[in-house]
Amino acid sequence: INAEYMGHFLSVYFFSRYSTPMSTPASPLRSPTTGSPRGPPVIDGPKMILLGGPGSGKSTQAAIIAQKYGVVPISTGDMLLAAVTQATPEGLEAKDYVVRGQLVPDALVIDMVVNRLRRPDVRAHGFLLNGFPATLVQMEALVTTVDIDVVFELQVSEATMMARASGRRVDPLTHVLCVD
């Protein structure tokens, strides 16, 4: 899903949320069988999202924004890579999809992000999500889990993103990103 569409979805969500009553969809934090709450993460600091296409500079800007506002930067790509490298149960499941050239399922990514949002550093300082949400399912899960304060959208031309992406490659042995 592209950043423009996600930005539109967020605009509609925030407009409807703050201007008229809205029914709340089922939260991923509720048990699917009993519906009982599992408890949303209580976060004291700013809750931010950074949107943009591949090669738009999200990681660069995330570091700057996180430092300026004292929030914890959370990159789903980095989380998945760490989980795969550390051979965690989530990482092994994700690796199965990646080696087949498939996207990691929304449910797995959502679980990893929600678990990260429950950690003490995020609860105390807030967060900046980079790479999440990447799908409408992830966006719906996020907005039913936590109230977002700020959304940044990086707008970069397609030509610029293509030029940047064509200069990137990942070493298959070390999984290190190499930039020409």
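Chains are numbered independently. Their residues run from 1 in the order of the written sequence. Where totals are concerned, whole chains, interfaces and linings use all residues; where local detail is concerned, this predicted model gives features only for residues with pLDDT of at least 70, and gives and counts side-chain atom pairs only at 80 or more. As a convention, hydrogens and water are excluded, and side-chain values are obtained from all of the structure's heavy atoms.

Novice: I'd like a rundown of the overall build of the chain, residues and numbers included.
Specialist: Check the secondary structure of the chain and you find eight helices and six strands. From first element to last, N terminus to C terminus, the chain shows the α and β order α-β-α-β-α-α-α-α-β-α-β-α-β-β. Burial statistics for the chain: of 180 residues in total, 36% are counted as buried. In what follows, a contact means two residues having at least one pair of non-hydrogen atoms within 4.5 Å. Of the contacts made within the chain by residues no fewer than 6 positions apart, 71% connect residues no fewer than 24 positions apart. Areas reported as accessible are Shrake-Rupley estimates using a 1.4 Å probe. Residue values count occlusion only from the protein chains shown. Summed over all atoms, the accessible surface of the chain reaches about 10,800 Å², with 58% contributed by carbon and sulfur. Think of it this way: any DSSP run of H or I at least four residues long counts as a helix, any run of E at least two long counts as a strand, and we number them from the N terminus. The cut-offs for exposure are 20% and 50% of the maximum accessible area for each residue type, with area from a 1.4 Å probe on protein chains only; residues under the lower value are buried, those over the upper are exposed, and the others partly exposed.

Novice: Residue-level account of the environment of Ile43, with values.
Specialist: Of note, Ile43 is situated in the loop between α1 (3-19) and β1 (47-51). Residue class for Ile43 comes out buried when judged on its relative accessible area of 11%. When neighbours within four sequence positions are excluded, Ile43 is seen to be in contact with Leu117, Val122, Arg123, Gly126, Phe127 and Val146.

Novice: Can you explain the pairing of strand β3 (residues 127-130)? Please cite residues and give values.
Specialist: Side chains Phe127 and Leu129 of β3 all project onto a buried face; the interleaved residues Leu128 and Asn130 project onto the opposite face, where all are buried too. Strands were regarded as paired on the criterion that DSSP finds at least two bridges between them. In terms of strand pairing, β1 meets β3 through four bridges, oriented parallel. Opposite Met48, over in β3, you have Leu128 as the bridge partner. For strand β2 (residues 72-75) and β3, the ladder comprises four bridges, and the chain directions are parallel.

Novice: Give a detailed account of a negative patch on the surface, specifying residues and quantitative values.
Specialist: Patch definition: residues above 30% relative accessible area lacking any salt bridge, with like charges linked at up to 9 Å and the nonpolar side chains Val, Leu, Ile, Met, Phe, Trp and Tyr linked at up to 5 Å. Here, a salt bridge means any side-chain nitrogen of Lys or Arg that lies within 4 Å of a carboxyl oxygen of Asp or Glu. We count Lys and Arg on the positive side and Asp and Glu on the negative side, and we leave His and both chain ends out. All charge positions are set by atom: Lys at NZ, Arg at CZ, Asp at CG, Glu at CD. A grouping of Glu90, Glu93, Asp96 and Asp111 is seen on the molecular surface, where their side chains present a negatively charged patch. Ranked by the residues each element gives to the negative patch, the list is headed by helix α4 (residues 89-99), at three residues. Here Asp111 shows up in helix α5 (residues 106-117).

Novice: Before we move on, can you summarise the pattern of salt bridges with the specific residues and values?
Specialist: In total, this model carries two salt bridges according to the counting rule given. In this structure, Asp149 engages Lys47 in a salt bridge whose closest nitrogen and oxygen atoms are separated by 3.4 Å. You can see Asp149 sitting in the loop between α7 (136-143) and β4 (150-153) and its partner Lys47 sitting in strand β1, a full 102 residues away along the chain. A relative accessible area of 47% means that Asp149 is categorised as partly exposed. Residue Arg116 is joined to Asp121 by a salt bridge in which the shortest nitrogen-to-oxygen separation is 2.9 Å. In this structure Arg116 comes out as buried when scored by relative accessible area, which is 14%.

Novice: So, empty space enclosed by the protein: which residues are in play, and what are the values?
Specialist: Over the atoms a probe the size of a water molecule is rolled, and this reveals where empty space is left. In this analysis a 1.4 Å probe is tested at points of a 1 Å grid over the protein atoms alone, and where it fits but cannot get out there is a cavity; an open set with protein on both sides within 12 Å along at least five of seven lines is a pocket; lining residues have an atom within 4 Å of a point. Grid points are joined across faces, edges and corners, and a volume is the space filled by probe spheres set on the points. Enumeration over the complete set of coordinates arrives at one cavity of 30 Å³ or more. When its volume is computed, the largest cavity comes out at roughly 40 Å³. Going through the elements one at a time, α5 and α7 are the ones with two or more residues in the lining of the largest cavity. Top element by residues in the lining of the largest cavity is α5. It accounts for four residues. Partitioned by chemical class, the residues of the lining of the largest cavity number seven nonpolar, two polar and no charged. Three classes are used: nonpolar for Ala, Val, Leu, Ile, Met, Phe, Trp, Tyr, Cys and Pro, charged for Asp, Glu, Lys and Arg, and polar for all others, with Gly counted as polar.

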